[in-house]
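Structural features, examined
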Amino acid sequence: MAWIDACGVDDIDAEDLIRFDHGGATYAIYHAPDGTFHATDGLCTHEQVHLCNGLVDGDTIECPKHNGRFNYRTGAALRAPVCIDLKRHPVRVVGDRVEIELG
Amino acid sequence: MSIFTRIYAPRDYSLTGASRAHAEEIGLASAEWYHSDVPRKEMKALMQRSDGPAIRDTVIWLGLLVLTGIGGCYFWGTWACVPFFFVYGLLYGSACDSRWHEAGHGTAFKTPWMNDVVYQIASFMVMRNPTTWRWSHARHHTNTIIVGLDPEIGFMRPPRIVMAALNFIGIPFIFYDLRTLARHAFVGLNEGEKTYIPESERYKAVFWARLHIAIYVATILLAIGLHSWLPLMLIGGPRIYGCWHMYMTGLIQHGGLAEDVVDHRLNSRTVYMNPVSRWLYWNMNYHVEHHMFPMVPYHALPRLHEAIKHDLPAPNPSIYAAYVEMTRALLRQRKDPTHYARKALPATARPYRDEFHEIEVAREGV
């Protein structure tokens, strides 16, 4: 496992997310309304759509294609058509940078 | 050649056959789709949900349904009931489709349970199993008009134009829909449906199908008991006599356009319409925009259209114009399975993504 520099803290608006690609995989990094940062796999578990174009509403991320919703803090699938939880990844803020732990 | 004649073998539109395997083999199933550029802040604003517009429209919709239903019953047996049932049928048999659609996307209301309630009511009205159709529509958006993957392709090639025209009077498709509900209730899902509905959801399809069938049986028994068609004029019947507007607007969504492309500008059609049709249809006339960004609510689609129209082909100026374009293309598709209505893009637009269609054209030529 290693901490990977993903983005600056100012690169993501509050209550929003960005896409982060690393090592052939894609991830989503979230800036929650309370100022904390979170990370999950970047593709919806339903039809492999990039979540980065979706809408963050409080603690949930909505898939931009089919309205499937996840709690990005827990990864829990909340609404059909998603049935499989989203994998989370640890995140930390170092200075003004956001790092994601990947293995 | 008459419009009844087929001069080439139908393509395989099944979800378990050779077309599906081919789409997966050439990468069409997993390709990334074209999207017009919209600044992130603007797109977030467009995707914002609100209960207000849909509550207003739903109160008007259901209120008019009750009023016209009462009027139709009051004047039943006289010619005066006709205008009441004309409006009742339109609200029941046509507006149900757009309410089913928007609530199914979860974009009509901000509050999830409101979407769910309207979705269930509208699913019953439009005679669709709410479970199977929720999943089929998700697949339709993932693989729009991809042969072998999209379960909601309206015109299969060679197109059956007379059968499509019969849609306007609900026949024979009401029988097909009822047969499908009965199959779900008493037999189960078919192999094609199992490709897009997870096992954990299938019991719901059986439950809803049985409930819908029970309501229809009760309505028929009531009609027999009363020796009157009136119960069927109110429940189920509008799916025949009131569905014409649903098909008038629905057939032009994708009819005569491209198969096997990853660019909604090539396989979907935006049509300018009168305000009444737009209200009944909840702005789905902006169909390219809807497919490109399906999480934008119906009430924000006109704004989305303004934001990206520089990147889209010119909309058809009317329903009539859309039918002229579609019918010409369908007639030509009777002879040429690779033909589709391809519109010119404005100079401000980025080029079409039609590389997979070109593979299909080359394949047809072999």
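To keep things clear, this report deals only with the structure shown in the data block.

The rules behind the values
Residues numbered from 1 in each chain as written. Chains lettered and ligands numbered in written order. Predicted model: local features only at pLDDT ≥ 70, side-chain atom pairs only at ≥ 80, totals over all residues. Heavy atoms only, no water. Axes fitted to C-alpha atoms, helices over the stretch in contact; angles between N-to-C directions. Helix = DSSP H or I, 4+ residues; strand = E, 2+ residues; numbered from the N terminus. Parallel < 35°, antiparallel > 145°, perpendicular 65-115°, else oblique. Left-handed = near helix turned anticlockwise from the far one by under 90°. Contact = heavy atoms within 4.5 Å. Nonpolar A, V, L, I, M, F, W, Y, C, P; charged D, E, K, R; others polar. Phe/Tyr/Trp six-rings, centres within 6.5 Å; stacked < 30°, edge-to-face > 60°. Buried < 20%, exposed > 50% of the residue type's maximum accessible area, 1.4 Å probe, protein only. Lys NZ or Arg CZ within 6 Å of the ring centre and 35° of its normal. Expected span 1.5 Å × (residues − 1). Patch = residues over 30% accessible without salt bridge, like charges linked within 9 Å, V, L, I, M, F, W, Y side chains within 5 Å. Areas by Shrake-Rupley, 256 points an atom, 1.4 Å probe, with all protein chains shown as cover. Salt bridge = Lys/Arg side-chain N within 4 Å of Asp/Glu carboxyl O. Buried area = accessible area lost by both parts, 1.4 Å probe. Pairing = 2+ DSSP bridges. 1 Å grid on protein atoms, 1.4 Å probe; cavity = no way out; pocket = protein on both sides within 12 Å on 5 of 7 lines; lining within 4 Å. Points joined across faces, edges and corners; volume = space filled by probe spheres on them.

Another point: the packing of helix α2 (residues 40-47) of chain B against helix α18 (residues 301-308) of chain B. All names here are of chain B. Relative to each other, α2 and α18 sit at 160°, their axes nearing to 10 Å. Considered as vectors, α2 and α18 are oriented roughly antiparallel to each other. Crossing hand, α2 versus α18: left-handed. Here Glu42, Met43, Ala45 and Leu46 of α2 come into contact with α18, specifically with Arg303, Leu304 and Ala307. When the residues that make up the contact of α2 with α18 are grouped by side-chain class, the tally is five nonpolar, no polar and two charged.

The description of an aromatic ring pair uses the distance of the two centres, along with the angle that the planes make with each other. Under the counting rule described, the total for this entry stands at 14 aromatic pairs over all chains. Here the aromatic rings of phenylalanine 20 of chain A and tyrosine 27 of chain A are separated by 6.4 Å at their centres, their planes lie at 35°, and the arrangement is tilted. The class for tyrosine 27 of chain A is buried, based on a relative accessible area of 11%. On the numbers, 6.4 Å between centres and 90° between planes, the contact of phenylalanine 85 of chain B with tyrosine 241 of chain B is edge-to-face. Of the two residues, phenylalanine 85 of chain B is situated in helix α4 (residues 81-93) and tyrosine 241 of chain B in helix α13 (residues 238-241); the sequence distance between them amounts to 156 residues. For tyrosine 241 of chain B, a relative accessible area of 28% gives the class partly exposed. Every member of this aromatic cluster is reached through a ring pair, and the members are Trp76, Phe85, Tyr88, Tyr92 and Tyr241 of chain B. A cation over an aromatic ring shows up here: arginine 99 of chain B above the ring of tryptophan 279 of chain B, its NZ or CZ 4.7 Å from the ring centre. Across the ring face of tryptophan 100 of chain B, the terminal group of arginine 128 of chain B is positioned such that the distance to the ring centre comes to 4.4 Å.

So, about helix α6 (residues 112-125) of chain B. With 14 residues, α6 of chain B should cover 20 Å at 1.5 Å per step; its first-to-last C-alpha distance of 20 Å lies within 8% of that length. Of the residues making up α6 of chain B, those classed as buried are Met114, Asn115, Val118, Tyr119, Ala122, Ser123, Phe124 and Met125 of chain B.

Further remarks concern a nonpolar patch on the surface. On the surface, Val162, Leu166, Ile169, Ile171, Phe175 and Ile240 of chain B cluster together to form a nonpolar patch covering roughly 460 Å² of accessible area. When you line up the elements, leucine 166 of chain B lands in helix α8 (residues 161-166).

Across the contact, 26 residues belong to chain B and 25 residues belong to chain A. Interface of chain B and chain A: buried area, both sides summed, is about 1,900 Å²; carbon and sulfur atoms make up 45% of it. When the buried surface of chain B facing chain A is broken down by residue, Arg40, Trp135 and Met295 of chain B rank first, second and third, together holding 26% of it. Arginine 79 of chain A is the salt-bridge partner of aspartate 116 of chain B, the closest N and O atoms lying 3.5 Å from each other.

Attention shifts here to the sheet that holds strand β6 (residues 60-62) of chain A. Pairing between the strands of a sheet comes from backbone hydrogen bonds, and it takes one of two forms, parallel or antiparallel. Residue and element names in this part refer to chain A. Spatially, the four strands line up as an open sheet ordered β5-β6-β7-β8, and their pairing is antiparallel. Only two strands of the sheet have a single neighbouring strand rather than two, namely β5 (55-57) and β8 (77-79). If you compare each strand with its neighbour and ignore which way they point, the axes differ by 30° on average. Both strand β7 (residues 69-71) and β8 contribute to a ladder of two bridges, which runs antiparallel. Along β8, the bridge assignment pairs arginine 69 with arginine 79.

Residues and elements named next belong to chain A. Within strand β11 (residues 97-102), five of the six residues are buried, which leaves it mostly tucked inside the rest of the structure. Of the strand pairs in this sheet, strand β1 (residues 2-8) and β11 are connected by six bridges, and their pairing is antiparallel. Looking at the pairing, alanine 2 lines up with leucine 102 of β11. Here four bridges tie strand β10 (residues 91-94) to β11, and the two strands are oriented antiparallel to one another. Looking at β11, one finds that valine 91 is bridged to isoleucine 100. Counting the residues that bridge the hairpin from β10 to β11 gives two residues, and of these glycine 95 lies at a positive phi of roughly 65°.

Right, let's get into empty space enclosed by the protein. Residues and elements named next belong to chain B. Tallied over the entire structure, the rule returns four cavities of 30 Å³ or more. Reported here for the largest cavity is a volume of approximately 130 Å³. Gly104, His105, Arg134, His137 and Ala138 are, among the 15 residues lining the largest cavity, the residues nearest its centre. Those elements giving two or more residues to the lining of the largest cavity turn out to be α5 (95-105) and α7 (130-142). Per-element tally for the lining of the largest cavity: the top contributor is α7, with five residues. Along the lines of polarity and charge, the residues of the lining of the largest cavity split into seven nonpolar, six polar and two charged.

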